[in-house]
Amino acid sequence: MPVGLTAENRPDAASGSAGPAAGNGPRELVSGLDALDLTCKAPAPAALLAGLAVDKAAAGRDRRRPVLLDVGGEPLRVRESGMGAWWPFRLEHRYGMLGVGGAANRPAWRVSLSAEALHVQGAERVVSFWRDVIGTLTGAPVLLLVSRLDVHADFAGLGIGDGDRGSFVCRSRRQSVEFAGEAMETLYFGKGGGVVVRVYDKLAELRASGKGGYLMDAYRSAGLRAGEPVQRVEGQVRRDALREMGITTADDALSRAGEVYAYVVGNWLRLVDRSTATRAERAAVDPRWRAVQAASIAAGLDAAQRSAAVHGLPDMETIAANVNGWMTAAGARLGLDDPAAVLGELGRLTAEYRQMMDRDFGGEVRTRRLDFRCSAPGVVPSRDAMAG
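Residues numbered from 1 in each chain as written. Predicted model: local features only at pLDDT ≥ 70, side-chain atom pairs only at ≥ 80, totals over all residues. Heavy atoms only, no water.

According to the stated counting rule, one finds 23 salt bridges in the structure shown. The salt bridge involving E234 is made with R198; its shortest N-O contact spans 3.0 Å. Of this pair, E234 sits in strand 12 (residues 230-238) while R198 is found in strand 11 (residues 195-201), placing the two residues 36 residues apart along the sequence. We classify E234 as buried; its relative accessible area is 5%. (Salt bridge = Lys/Arg side-chain N within 4 Å of Asp/Glu carboxyl O. Helix = DSSP H or I, 4+ residues; strand = E, 2+ residues; numbered from the N terminus. Buried < 20%, exposed > 50% of the residue type's maximum accessible area, 1.4 Å probe, protein only.)

Read across the sheet, eleven strands follow the order 2-3-4-5-6-1-7-12-11-10-9 without closing on themselves; strand pairing throughout is antiparallel. With one partner strand each, in any of the chains shown, strand 2 (67-71) and strand 9 (175-180) form the two edges of the open sheet. Between one strand axis and the next, the sheet turns by 20° as a mean value, whatever way the strands run. Pairing geometry for strand 1 (residues 27-40) and strand 7 (residues 145-156), over eleven bridges, is antiparallel. Across the sheet, L33 pairs through a bridge with V151, a residue of strand 7. Helix 5 (residues 202-209) rests against strand 7, strand 10 (183-189), strand 11 and strand 12 of the sheet, and its axis sits at about 85° to strand 11. (Pairing = 2+ DSSP bridges. Axes fitted to C-alpha atoms, helices over the stretch in contact; angles between N-to-C directions. Contact = heavy atoms within 4.5 Å.)

There is a patch of nonpolar side chains on the surface, built from Y353, M356 and M357 and spanning about 340 Å² of accessible area. The exposure class of M357 is partly exposed, given its relative accessible area of 44%. (Patch = residues over 30% accessible without salt bridge, like charges linked within 9 Å, V, L, I, M, F, W, Y side chains within 5 Å. Areas by Shrake-Rupley, 256 points an atom, 1.4 Å probe, with all protein chains shown as cover.)

Next up on the list: empty space enclosed by the protein. Enumeration according to the criterion identifies one cavity of 30 Å³ or more in this entry. Its boundaries defined by the atoms lining it, the largest cavity holds a volume of some 30 Å³. As for the largest cavity, its lining consists of A59, D62, R63, R65, P66, V67, R77, V78, R79 and E80. Residue composition of the lining of the largest cavity, grouped by class: four nonpolar, no polar and six charged. (1 Å grid on protein atoms, 1.4 Å probe; cavity = no way out; pocket = protein on both sides within 12 Å on 5 of 7 lines; lining within 4 Å. Points joined across faces, edges and corners; volume = space filled by probe spheres on them. Nonpolar A, V, L, I, M, F, W, Y, C, P; charged D, E, K, R; others polar.)

This part is about the side chain of R79. Checked against the element boundaries, R79 lands in the loop between strand 3 (74-78) and strand 4 (89-93). For R79, a relative accessible area of 18% puts it in the buried group. A distance of 3.2 Å separates the side chain of R79 from the side chain of E92, its partner in a polar contact. The residues contacting R79, other than those within four sequence positions of it, are K56, A59, R90 and E92. (Polar contact = N/O pair within 3.5 Å; in protein donor to acceptor, adjacent residues only side chain to side chain.)

Here is the structure:
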């Protein structure tokens, strides 16, 4: 399969000169996983970290000369930069990227799987490859945990445009749109949250990136005709939302990806026919969206169910972890190592801040509870209740 776009498989070869889209409604071209990010808590051996430091320095001195680490006969390229703040070492392979670190409070391993590898090689094979790589480097059993899962379906003739924005029913109030000239290019739902959905012009993205020849081949194999646009419906689901669905490991993600897709396009977001009911929440699903919901990735599957956590609010364990981090930073600044003393000082400082900025703590709490549709204090509403 070609890595990039050639004269034969570039998007404009499919969508340029043959006139408007043909056909009788949306047709699925491909669906599946487009991104899968994993972590592993097995400690990275000290000798490995020391060797990677030497290799990283060598890669930085001469970027034209690849520095390779052989892992079970597979060469991984050691790069001159890291993979985020917590993983100072980054190794690259055609199946994705591997971050390695030694921070005490973070997983030592972070894996970001290649979209092309997921499509062409299959998710199971790619996950198995990275599990073997980490197992070889650690000499220990490997449990891969999922931190992000992207599911998608690509359609010819879907025909969702700017005029449909008011007909979406979504769990999130965050919605935005991007245009290319006067044409809608991308609709966003839930930006910055645990679930984010994009409905966008996939061919425009491929043209801009110059990549994705493997997708164009797949589109043509599925019957894409010249002149037809391709729209992708893509759900990005992050760790907290996945945990609420009971999805923790890589194996969970692989076996339940279809359920996640069904949740995203069924429970979390849907396009409705506003003429069928006074309230959008009660309106019938638009026929185009029924095609989205019927994508083969979710064939015959029920939607994943999320636990009764408050949608959009972090759980108390997450809040406690973040507060503890700020407390240790404040303790270091204040020269205090007693948590009670630090909390007392923070209480005084935050009270002074609220007075100076004229902030109403109780009012802001009440507003936040309304924003996230919290019920009585200490009570967490069910997902069905929040859907209204």
